[in-house]
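# Structural overview
Next come the chains, spelled out residue by residue.
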Amino acid sequence: MDLARQRETVRRLREFLPERSVLWAEEDTRPYECDGLTAYRAVPMVVALPESEEEVRRILRTCSEGGVPVVPRGAGTGLSGGALPLGNGVLLSMAKFMRIVRLDPRARVAVVQPGVRNAAISEAAAAFGLYYAPDPSSQIACTIGGNVSENSGGVHCLKYGLTVHNVLRVRGFTVDGEPLEIGAESLDSPGYDLLALAIGSEGMLMVVTEVTVRLLPKPDCARVVLASFDDVQTAGDAVAAVISAGIIPAGLEMMDRAATRAVEQFVGAGYDLEAAALLLCESDGTSAEVEHEVERMERVLRSAGATRIAVSRDEAERLRFWSGRKAAFPAVGRISPDYYCMDGTIPRRRLGEVLRFIGELEKKYGLRCPNVFHAGDGNLHPLILFDANDPEQLARTEQFAAEVLEKCVEVGGTITGEHGVGVEKINQMCTQFRSQELEAFLAVKAAFDPTGLLNPGKAVPTLARCAEYGRMRVHGGALPHPELPRF
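A brief structural summary. (Residues numbered from 1 in each chain as written. Predicted model: local features only at pLDDT ≥ 70, side-chain atom pairs only at ≥ 80, totals over all residues. Heavy atoms only, no water.)

## What about the sheet that holds strand β9 (residues 179-183)?
If you trace the 5 strands from one edge of the open sheet to the other, you get β5-β6-β10-β8-β9, paired in antiparallel fashion. What marks the edges here is a single partner per strand, and that holds for β5 (100-104) and β9. On average, adjacent strands in this sheet sit at an angle of 10° to one another, irrespective of strand direction. Pairing analysis gives 4 bridges linking β5 to strand β6 (residues 109-112), with the strands arranged antiparallel. (Pairing = 2+ DSSP bridges. Helix = DSSP H or I, 4+ residues; strand = E, 2+ residues; numbered from the N terminus. Axes fitted to C-alpha atoms, helices over the stretch in contact; angles between N-to-C directions.)

Written out as structure tokens, the structure is:
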């Protein structure tokens, strides 16, 4: 670390920030060394914790003038290394922006700061019979600012959409401290649709300080159909059968036997432990609508090969059925020292094929891999189990993961569904996109951030990096991530 650069940055930030809001000693900055992707860590040079939009603006302007990189961070629950700090830069934590600015039940919108937890929005809106639809598994901890950066989804995204479908407006600043407001509370806003560009941009284009979200009426009734299958391929085909029957479930999730056994030990959700795969299909709406749709779901699932079906009888049982899926990640953490949570998306009709491929990779690399995923939209979350204390296991895990992502591209899918690219999947961006497309992405980045100081080195690889990755693949190697320390 350049100590002179650190001292100068701290001095300039403390000209307008209180001492408590500028951290520089290693014992204070080390807690920020990684996000949910713990395989890569770097201690930031300085951590800034602003409490107002004016402080955010001045931090960005100060860093821009000094040529200091800035990495925005929310709750740190991201799984792709999008909030991985830089040893020569400022980590800009938005943790103190925790206020719900306005909740308008008549307009069905909420204006919130980026540090507000996802679940807290629905908790505040519940008094008015409303809720915020996107529900990532980490919703009790993840923040809306991070959801905007990664375009997060959740178990109900099939029917209600991702973050991009539920956010109306974002406000914030560019890297040089210029104010920027995109979108509006109305159905449309003038000019290009920059809102869809900003959402999912992984902190590379702007720092968000306020978000306006759409609220929905809470359904009168919801029930879950829990279906067992004796074959993963059959379960995958059943997903396609439900959709082709014209049914759009509120949630449609799938878990294989390894995952269900892990979560059953953890939460006791009442899952069939002999089934090769389980489907959770939720219906919501009025009582009459739900009753009719559940009957249709049962018919389709039985015809598609379900060996056992259970339907939630009340709200408590519905929540119990979902508890296993929601707790899948911590449950797997109990049976392995570490796990690598993947995120790729494939056409639904290829589910069985890709799951068989993952099974082959388990044998090839000698690693276990339970599978949980948003089956309705083909968003896979394989959980590769390994021990990070063994560098060789970590290397095999990364090779395993790379093959899964590249298989997703091969079958017509994409390398991410809701976790973002960050540093985790930057090599696979070279596989998914041609050089002309990457040049266009880099041009968009430059239009917002011409100096390249905002979250540099993430999400979009340089063409030189892709050329090197291509050479390494030809010779059977894998290009390591860019100079990121491991533990």
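## Points about the pattern of salt bridges
Using the criterion set out here, one finds 37 salt bridges in the structure. Taking the shortest distance from any N to any O, the salt bridge between E210 and R171 comes out at 3.3 Å. Of this pair, E210 sits in strand β10 (residues 207-214) while R171 sits in strand β8 (residues 167-173); the two residues are 39 residues apart in sequence, bridging distant segments of the chain. The structure contains a network of salt bridges with shared partners spanning E53, R169, R171, E181 and E210. (Salt bridge = Lys/Arg side-chain N within 4 Å of Asp/Glu carboxyl O.)

## Describing the packing of aromatic side chains
Throughout the structure, instances matching the rule amount to 4 aromatic pairs. Considering the side-chain rings of F329 and Y339, the 6.3 Å spacing of their centres and the 50° angle between planes classify their relative orientation as tilted. Of the two residues, F329 sits in helix α12 (residues 328-333) while Y339 sits in strand β16 (residues 338-341), which places them 10 residues apart along the sequence. Judged by relative accessible area, F329 falls into the buried class, the value being 15%. For the pair F433 and F441, a centre-to-centre distance of 5.0 Å together with 85° between the ring planes defines the contact as edge-to-face. Of the residues examined, F433 reaches a relative accessible area of 23% and is grouped as partly exposed. The ring of F357 is capped by K407, whose NZ or CZ atom sits 5.1 Å from the centre of that ring. (Phe/Tyr/Trp six-rings, centres within 6.5 Å; stacked < 30°, edge-to-face > 60°. Buried < 20%, exposed > 50% of the residue type's maximum accessible area, 1.4 Å probe, protein only. Lys NZ or Arg CZ within 6 Å of the ring centre and 35° of its normal.)

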